[in-house]
Amino acid sequence: MKLTSILEAADNTRPGDVYQNKRTGEIFLVLAPFQSDFGRKWDGVEFNLKHKSGPFVSAGAVTTPAEPKAFEGYKKIKLSAKDKKTIKELIKDPENREQMSRADTNVKDVERYVR
């Protein structure tokens, strides 16, 4: 992979984009960018929808490394209708809502981007 293609992928990232971890299969929903001393980073939520014991929220809040390595090892995907429905059900669970609120993740942002 060339450096220019990595930079182009980093520039095209927007809130609401979904990335899948190539190694674990977890889904990362991008919520908001912020600027740090090291560059632009992204906040988001991770879901594991393909686990043996059922789908769950992996992390209520995740911060990526600075770009251009922010989504190295991830593949950009589109959510299927089934995945969107599963995420909506996970968000309705009070335990998952509490997990996300403790991590200062706005549940309404997740709902908006999953639509």
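Residues numbered from 1 in each chain as written. Predicted model: local features only at pLDDT ≥ 70, side-chain atom pairs only at ≥ 80, totals over all residues. Heavy atoms only, no water.

Participant: Kindly report on the packing of aromatic side chains, identifying the contributing residues and their values.
Facilitator: The final tally for this structure, using the stated rule, is four aromatic pairs. Ring geometry for F28 and F71: centres 5.8 Å apart, planes at 55°, overall tilted. Remark: F71 occurs in the loop between strand 4 (56-63) and strand 5 (74-77) and F28 occurs in strand 2 (residues 27-36); sequence separation between them is 43 residues. As far as burial versus exposure is concerned, F28 and F71 are alike and both buried. Through a chain of ring-to-ring contacts, three or more aromatic side chains come together here, namely Y19, F28, F71 and Y74. Taking NZ or CZ as reference, R112 lies 5.4 Å from the ring centre of Y113, over its face. (Phe/Tyr/Trp six-rings, centres within 6.5 Å; stacked < 30°, edge-to-face > 60°. Helix = DSSP H or I, 4+ residues; strand = E, 2+ residues; numbered from the N terminus. Buried < 20%, exposed > 50% of the residue type's maximum accessible area, 1.4 Å probe, protein only. Lys NZ or Arg CZ within 6 Å of the ring centre and 35° of its normal.)

Participant: Any chance you could break down helix 4 (residues 107-114) for me, citing the residues and the numbers?
Facilitator: Among the residues of helix 4, V107, V110 and V114 are the ones counted as buried. The buried residues of helix 4 all sit within an arc of 60° when viewed along its axis, so they share a single face. Where helix 4 begins, the side chain of N106 points an oxygen toward the backbone nitrogen of K108, at a separation of 3.2 Å. (Arc of directions from axis to C-beta. Polar contact = N/O pair within 3.5 Å; in protein donor to acceptor, adjacent residues only side chain to side chain.)

Participant: Quick rundown of the packing of helix 2 (residues 81-92) against helix 3 (residues 94-102)? Include the residues and the values.
Facilitator: Where helix 2 meets helix 3, the axes come as close as 5 Å, and the angle between the chain directions of the two elements is 80°. Compared by their axis directions, helix 2 and helix 3 come out roughly perpendicular. When helix 2 is examined against helix 3, the residues L90, I91 and K92 are found in contact with a partner set consisting of P94, N96, R97 and M100. Of the residues that constitute the contact of helix 2 with helix 3, the class distribution is four nonpolar, one polar and two charged. (Axes fitted to C-alpha atoms, helices over the stretch in contact; angles between N-to-C directions. Parallel < 35°, antiparallel > 145°, perpendicular 65-115°, else oblique. Contact = heavy atoms within 4.5 Å. Nonpolar A, V, L, I, M, F, W, Y, C, P; charged D, E, K, R; others polar.)

That's the geometry; what it means functionally is another story.
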